[in-house]
Amino acid sequence: MIDIEELELSRITIHKVQKKKDNEDFGVAEYSENLFQFGDAEIETLRDRISTAFSKNKRFFKLQISHSEADSFYRYSTSLKNSTNDFFLNKSKSIADLLAISHNKRTIPAGILLVIDGNLNNKHFTLVIKAELQEAFTIKEVDNQKLIELINDLFLSPAKDFYKIGFIIEEDITAQEINDKYSCYMYDDNFSNGKRDLAEYFYSGFLGFTTSSNDKLVTKNFYEDVSKFIEKNVVSFDDKKGLRNAINVLYRENTFGVINPQEFAEQNFTDELLRRFGTDVGSNYPHSFNKDLSLVDRRLHRGQLALLDDLRIEGPQDSLNNVNIISGSNINYEQLRLQIESGEIKQIVTIKTDN
């Protein structure tokens, strides 16, 4: 969590980025020509919102810089250190242009873009916040006080959370590699465990970051991909249950902090499944990764069993391990009777077909 007492916000400017229109390739940026002056109360609220966002472990992610060209967010943002106000304003417009270019679909909403730089523990940072607009407006036509009120309504109010944050900060500027020199992060308020990735237009198209090395996301996606692969490619219920248990053991009980996807597949899949796995799943996970259960912890204790068509049983994973499914053609009625009489089987669920 960021210590807001150490967060020094030096300069702020605000631009508007419109959404893409039908006859355009991407959105258009509308610039402010001056630094923006918040009052003390607004600055404190802004710092508090930034701190709160960065403390939300399931929506705040450490990423890596993948684009470092001369016209990239990385180059623009890192050039702001010790710059003049005129230079800051000029580069902030270039940053707004990058966001506008990333608005290459009509579904991406317009928004206001705050470009901020400052220092945290004597390390320079650049921070950008996009707040989605709930109403159309033109910056040039709104006076300073009205704009403050609009910004408060958009994302400084606790009731309004439609915003994204990009953050890049110095680490060791003497290092050789870019990702050793600087650390970068993203907060996405719209991200949830049901989504596979953060907003790609923002982290990749705009910021030039990559999520491929984020352990939280990779851990979550590998678990989901393996589970779907098993469901799709394994016919026998007992085999499915065994493989689901294997992935749960790897995640829930194996205390070793690194997951090797290829090793897991070789230990658990037949040769035929192993070949399919390499094509369908393994190619997306060529390297081992550190296990981070932040986004999958609940799923390790809750599970689903597919019955027929869209029917599923959901419940605690430990209880589901005691559930067996047998089809009509494979029922040993005498054995079933004995299991019921002995109490080994507590309940039978039948599914009637339409035929």
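Note: the structure precedes this text.
In what follows, the accompanying structure is described.

Cut-offs used in this document
Residues numbered from 1 in each chain as written. Predicted model: local features only at pLDDT ≥ 70, side-chain atom pairs only at ≥ 80, totals over all residues. Heavy atoms only, no water. Salt bridge = Lys/Arg side-chain N within 4 Å of Asp/Glu carboxyl O. Helix = DSSP H or I, 4+ residues; strand = E, 2+ residues; numbered from the N terminus. Buried < 20%, exposed > 50% of the residue type's maximum accessible area, 1.4 Å probe, protein only. Pairing = 2+ DSSP bridges. Contact = heavy atoms within 4.5 Å. Axes fitted to C-alpha atoms, helices over the stretch in contact; angles between N-to-C directions. Polar contact = N/O pair within 3.5 Å; in protein donor to acceptor, adjacent residues only side chain to side chain. Expected span 1.5 Å × (residues − 1). Parallel < 35°, antiparallel > 145°, perpendicular 65-115°, else oblique. Left-handed = near helix turned anticlockwise from the far one by under 90°. Nonpolar A, V, L, I, M, F, W, Y, C, P; charged D, E, K, R; others polar.

**What to know about the pattern of salt bridges**
This structure, assessed with the given rule, holds 14 salt bridges. Lys93 is paired through a salt bridge with Glu33; the nearest N and O atoms lie 2.7 Å apart. One end of the pair, Lys93, is in helix α3 (residues 85-102); the other, Glu33, is in the loop between β2 (29-30) and α1 (40-54), with 60 residues separating them in the sequence. Since its relative accessible area comes to 47%, Glu33 is described here as partly exposed.

**Section: the sheet that holds β2**
The strand order across the open sheet built from 8 strands is β2-β1-β4-β5-β6-β7-β3-β8, with neighbouring strands paired in antiparallel fashion. Strand pairing shows two members of the sheet lacking a second neighbour, β2 and β8 (209-210), which therefore form its edges. Pairing geometry for strand β1 (residues 7-17) and strand β4 (residues 111-120), over 10 bridges, is antiparallel. What sits directly across from Thr13, in β4, is Val115. Of the strands in this sheet, β1, β2, β4 and β5 (123-132) are in contact with α3, which crosses β1 at around 50°.

**What to know about the side chain of Thr13**
Relative to the helices and strands, Thr13 resides in strand β1. Of the polar contacts made by the side chain of Thr13, one reaches the backbone oxygen of Asn34; its length is 3.1 Å. Beyond its immediate chain neighbours, meaning those up to four positions away, Thr13 contacts Ser32, Asn34, Phe36, Phe88, Leu89, Ser92, Leu113, Leu114 and Val115.

**Digging into the pairing of β5**
With 9 of 10 residues buried, β5 is to be regarded as a mostly interior element. Pairing analysis gives 10 bridges linking β4 to β5, with the strands arranged antiparallel. When the bridges of β5 are listed, Gly118 appears paired with Phe125. The turn joining β4 and β5, which pair antiparallel and follow one another in sequence, is formed by 2 residues; a positive phi near 55° is taken by Asn121. The pairing of β5 with strand β6 (residues 163-170) spans 7 bridges and is classified as antiparallel.

**Some thoughts on helix α7 (residues 215-233)**
In this model, α7 (19 residues) spans 26 Å end to end at C-alpha, consistent with the 27 Å of a helix rising 1.5 Å per residue. Most of α7 is tucked away: 14 of the 19 residues are buried. Structurally, the start of α7 carries an N-cap: the backbone nitrogen of Lys216 is 3.1 Å from a side-chain oxygen of Asn214.

**Section: the environment of Asn221**
Note that Asn221 resides in helix α7. For the pair Asn221 and Asn193, spaced 28 residues apart in sequence, the C-alpha to C-alpha distance is 10.0 Å. In contact with Asn221, other than residues within four places in its own chain, are Arg196 and Tyr285.

**Here's the deal with the packing of α7 against helix α10 (residues 271-280)**
Where α7 contacts α10, the two axes come as close as 11 Å, and the packing angle between them is 135°. Judged by the angle between their axes, α7 and α10 are oblique. Between α7 and α10 the crossing geometry is right-handed. Every residue of α10 that contacts α7 at Phe222, Val226, Phe229 and Asn233 is listed here: Leu273, Arg276, Phe277 and Asp280. Classifying every residue of the contact of α7 with α10 by side-chain character gives 5 nonpolar, 1 polar and 2 charged.

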